[in-house]
Structures are given as structure tokens and as C-alpha cells.
Amino acid sequence: PASDVDAVTFTTRAVDGIQALHATAAALREQEPTLNVQVIATARVPILIVSTADHAVRMDMSVNQKLPDEHARWVGDLQIFREEQQIARDFLRSVKYWHSQRQIPGTKEGGYPALAWLFLALHVLTVHAKGTSWSSQRPLKLLKEFFTLMDTDSRDGAAMTSKLTSWCAPPTWRTQGFWPFP
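Each value, and the rule that gives it
- Sequence positions are assigned chain by chain, starting from 1 and proceeding in written order.
- For this predicted model, a pLDDT threshold of at least 70 governs which residues receive local features, and a threshold of 80 or more governs which side-chain atom pairs are given and counted, while totals over whole chains, interfaces and linings are taken from all residues.
- In computing side-chain properties, one takes all heavy atoms of the structure into account and sets aside hydrogens as well as water.
- Angles shown run from 0 to 180 degrees and are taken between the N-to-C directions of axes, each axis being a line fitted to C-alpha atoms and, for helices, limited to the stretch in contact.
- The secondary structure listing takes helices from DSSP runs of H or I that are at least 4 residues long and strands from runs of E that are at least 2 residues long, numbered from the N terminus.
- In these notes the angle categories are as follows: under 35 degrees is roughly parallel, over 145 is roughly antiparallel, 65 to 115 is roughly perpendicular, and the rest is oblique.
- A clockwise turn of the near helix away from the far one marks a right-handed crossing, whereas an anticlockwise turn of less than a right angle marks a left-handed crossing.
- We call two residues in contact when some of their heavy atoms are within 4.5 Å.
- Put simply, Ala, Val, Leu, Ile, Met, Phe, Trp, Tyr, Cys and Pro go in the nonpolar bin, Asp, Glu, Lys and Arg in the charged bin, and everything else, Gly too, in the polar bin.
- Given a helix with a known number of residues, its expected span is that number minus one, times 1.5 Å.
- Counting of polar contacts relies on pairs of N or O atoms within 3.5 Å, with two restrictions inside protein: one atom must be capable of donating a hydrogen and the other of accepting it, and residues adjacent in sequence are counted only when both atoms are side-chain atoms.
- We call a residue buried when its accessible area falls under 20% of the maximum for its residue type, exposed when it is over 50%, and partly exposed in between, using a 1.4 Å probe and counting protein chains only.
- Should DSSP find at least two bridges between two strands, the strands are regarded as paired.

So, the packing of helix α5 (residues 114–128) against helix α6 (residues 138–149)
Now for step 1: The N-to-C vectors of α5 and α6 enclose an angle of 120 degrees; their axes lie 10 Å apart at closest approach. Considering their axes alone, α5 and α6 lie oblique with respect to each other. Two packed elements cross with a definite hand, and for α5 against α6 that hand is right-handed. Across the interface between the two elements, Trp 117, Leu 120, Ala 121, His 123, Val 124, Leu 125 and His 128 of α5 pack against Leu 142, Glu 145, Phe 146 and Leu 149 of α6.
Now for step 2: Looking at the contact of α5 with α6 residue by residue, the classes come out as 8 nonpolar, 2 polar and 1 charged.

Written out as C-alpha cells, the structure is:
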């Protein structure tokens, strides 16, 4: 299951990340024994998994990993995110929740990486969130547009193709460019 919160802890001096995770895990177990705390030291990026006793909320924490921090800053700097922060945050969380509940294959299983789903959601936000008034139905409308993007299209009468396939095509023949990425 995916985490609800992804956290990165940065240290002021060079430390062994796995040792830092074990020390944090020990401190959490001592302070709050009802939490489920587990260190995954053998992963490509070692993490500390912390969840509530009922597994309702889960956090994954890594140490001194710059790329997730750069991703978060990059998304936060996008104009659509600055202009529509609350709706963007709610929409991206909804897509992440949907992705985790559907158990869609990740990169290791031959599926898209989680970042690709973020790109798709950001595309929907960019195209459909601007200039519309806020309402309680707005997140549902954005989700509908997101799922419509993945629906099939048979405009040419030939084999059914996904609108997602045409969106993922190289930008050479498209009028919309891709966002600059760090």
C-alpha cells in the first residue's frame, strides 16, 4: 500500500541513512508504542515506514534524498499549483488514492511510474482548472476529465486507441509542450 505522507529528513552532517532510520525508529517506538514502525534497509532507497495501529494512516520517510525534495519544489513552482493550490492538492491526492486502491502496476511490474500519473493529473489541472469558478463539484469534474483522458477513442473508426496514448506522444506534432523538469 502507498503512503499517505512521504517525508524526507535532511541532516546537517554526513550520516549513514540506514543508521539514522534505525535511530528514528527506536525513538518512535519508545515515544509512541502504539505505532507500527518498520525500517526497510534493503530497498534501493532505504525508508522508515510508520503507520497507525489500525493502518489508517501511513508515512514513508527517507534520509538525505534530494530528488523527492526537488520534485515537490518543482510541482509547487508550477503556475497552476500556485494559482489553484487547494484544488490542485486535493485533486492530486485523489489521483494518488485512486492509484493505490486500484493496485495499478508500478514501474517494477511494467507500469507507469508514480511520477507519470502525477504528470497526467497536472495536465488535466492545467487544461481544465483555469478560469472556472470554485464549487464543491469542481474536484469531481477534474476527476471526470482525468478518467476521460484514459478512456478509449474511436474517431477514425479503426481500432480503439487510448486518448492517453496520443497525449504521451512526442511533442513535435502537438501544440502543447511539456513542462521543464529539473
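Quick notes on helix α1 (residues 17–31)
Now for step 1: Taking 1.5 Å of rise per residue, the 15 residues of α1 would be expected to cover 21 Å, and the 21 Å separating its terminal C-alpha atoms lies within 8% of that figure.
Now for step 2: Where α1 begins, one side-chain oxygen reaches toward the backbone nitrogen of Ile 18, 3.3 Å away; that side chain belongs to Asp 16.

Focus on the pairing of strand β2 (residues 36–40)
Now for step 1: Residues Val 37 and Val 39 point to one face of β2 and are all buried, whereas Asn 36, Gln 38 and Ile 40, pointing to the other face, are not buried.
Now for step 2: Two elements, β2 and strand β3 (residues 47–51), share 5 bridges in a ladder whose sense is antiparallel. In the strand pairing of β3, Val 37 is matched with Val 50.
Now for step 3: Where β2 folds back on β3, the antiparallel hairpin that results is connected by 6 residues.

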